[in-house]
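Residue-level listing of the chains:
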Amino acid sequence: MTGFKVLWSALLLLNTWRDIRRREIFAGITVTAGIFAWAARAFTENSAVSAAADLLPGGFLLCMGLLSRGKIGGGDGLMVCVGGLCLGLEEILAVVSLGFLFGVLAGLVVRRHGGKDGAIPFLPCLLAAYCVERIWWH
């Protein structure tokens, strides 16, 4: 497991715990990790343009959060941005897609069993998706 994947895994575990308890993430730690990952990738492995392309899925989620007036949290988009930098575009797209599927399924279960609106935090779904992606696709 590369250093970037270790960074992403630790950040995802930490922020999932916080997302479940408070519906927020450690933004300062997440932004710092993202800056570190971008700098390391931009200046050692890839060009800055390639590293910027890895931010697209997270940028999309951040825009959707603005358009949905907060129904999609900014922390989710920020975590996907850092995930793109740590994992690369292809892998973060697979993780986010699987995370959306898990989120929909979990939301349906919560709603069916008396949840008020079926809303659940997204990072636990993203963590489950990352674990499944690491086991089955790698």
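You'll find the structure just up there.
In this text the structure is predicted, and so the values were computed from the model without any measurement.

Topic: the overall build of the chain
Thinking step 1. Looking only at helices and strands, the chain features seven helices and zero strands.
Thinking step 2. Ordered by position in the sequence, the α and β elements of the chain form the string α-α-α-α-α-α-α.
Thinking step 3. Over its C-alpha atoms the chain spans a radius of gyration of 15 Å, differing by no more than 12% from the 14 Å that the globule rule assigns to 138 residues.
Thinking step 4. Judged by the C-alpha coordinates and their principal axes, the chain covers about 50 × 35 × 20 Å.
Thinking step 5. In the chain, buried positions account for 40% of the 138 residues.
Thinking step 6. Entry remark: accessible area of the chain is about 7,900 Å², with carbon and sulfur atoms responsible for 68%.
Thinking step 7. With 12 positive and 9 negative side-chain charges, the chain shows a spacing of 11 Å between the two charge centroids.

Re the packing of helix H1 (residues 3-22) against helix H5 (residues 74-87)
Thinking step 1. Viewed as axis vectors pointing N to C, H1 and H5 meet at an angle of 165°, and their least axial separation amounts to 9 Å. It follows that H1 is roughly antiparallel to H5 by the angle criterion. Crossing hand, H1 versus H5: left-handed. From H1, Phe4, Lys5, Leu7, Trp8, Leu11, Leu12, Asn15 and Asp19 reach across to H5, where they touch Asp76, Met79, Val82, Gly83, Cys86 and Leu87.

Some details on the layout of surface pockets
Thinking step 1. Considering only enclosed or pocket space, the largest pocket measures out at about 560 Å³ in volume.
Thinking step 2. In terms of lining, the largest pocket is formed by 25 residues, of which the most central are Lys71, Asp76, Ile120, Pro121 and Phe122.
Thinking step 3. Among the elements that take part in the lining of the largest pocket, helix H6 (residues 89-112) stands out by supplying seven residues, more than any other.

Brief notes about the state of the cysteines
Thinking step 1. One pass over the full model with this rule turns up zero disulfides.
Thinking step 2. Here cysteine 63 stays unpaired: no disulfide links it, and the sulfur of cysteine 81, its closest cysteine neighbor, is 9.4 Å away.
Thinking step 3. Not engaged in a disulfide, the cysteine cysteine 131 finds its nearest cysteine sulfur in cysteine 125; these two sulfurs lie 12 Å apart.

Re a nonpolar patch on the surface
Thinking step 1. Where nonpolar side chains cluster on the molecular surface, the patch consists of Leu101, Val104, Leu105 and Leu108 and spans about 380 Å² of accessible area.
Thinking step 2. The exposure class of leucine 108 is exposed, given its relative accessible area of 54%.

Analysis parameters
- Residues numbered from 1 in each chain as written.
- Predicted model: local features only at pLDDT ≥ 70, side-chain atom pairs only at ≥ 80, totals over all residues.
- Heavy atoms only, no water.
- Helix = DSSP H or I, 4+ residues; strand = E, 2+ residues; numbered from the N terminus.
- Rg over C-alpha atoms; globule rule 2.2 N^0.38 Å.
- Buried < 20%, exposed > 50% of the residue type's maximum accessible area, 1.4 Å probe, protein only.
- Areas by Shrake-Rupley, 256 points an atom, 1.4 Å probe, with all protein chains shown as cover.
- Lys, Arg positive; Asp, Glu negative; His and termini not counted.
- Charge placed at Lys NZ, Arg CZ, Asp CG, Glu CD.
- Axes fitted to C-alpha atoms, helices over the stretch in contact; angles between N-to-C directions.
- Parallel < 35°, antiparallel > 145°, perpendicular 65-115°, else oblique.
- Left-handed = near helix turned anticlockwise from the far one by under 90°.
- Contact = heavy atoms within 4.5 Å.
- 1 Å grid on protein atoms, 1.4 Å probe; cavity = no way out; pocket = protein on both sides within 12 Å on 5 of 7 lines; lining within 4 Å.
- Points joined across faces, edges and corners; volume = space filled by probe spheres on them.
- Disulfide = S-S within 2.5 Å.
- Patch = residues over 30% accessible without salt bridge, like charges linked within 9 Å, V, L, I, M, F, W, Y side chains within 5 Å.
- Salt bridge = Lys/Arg side-chain N within 4 Å of Asp/Glu carboxyl O.

So, to be careful, I would describe these as geometric facts and stop short of saying anything about function.
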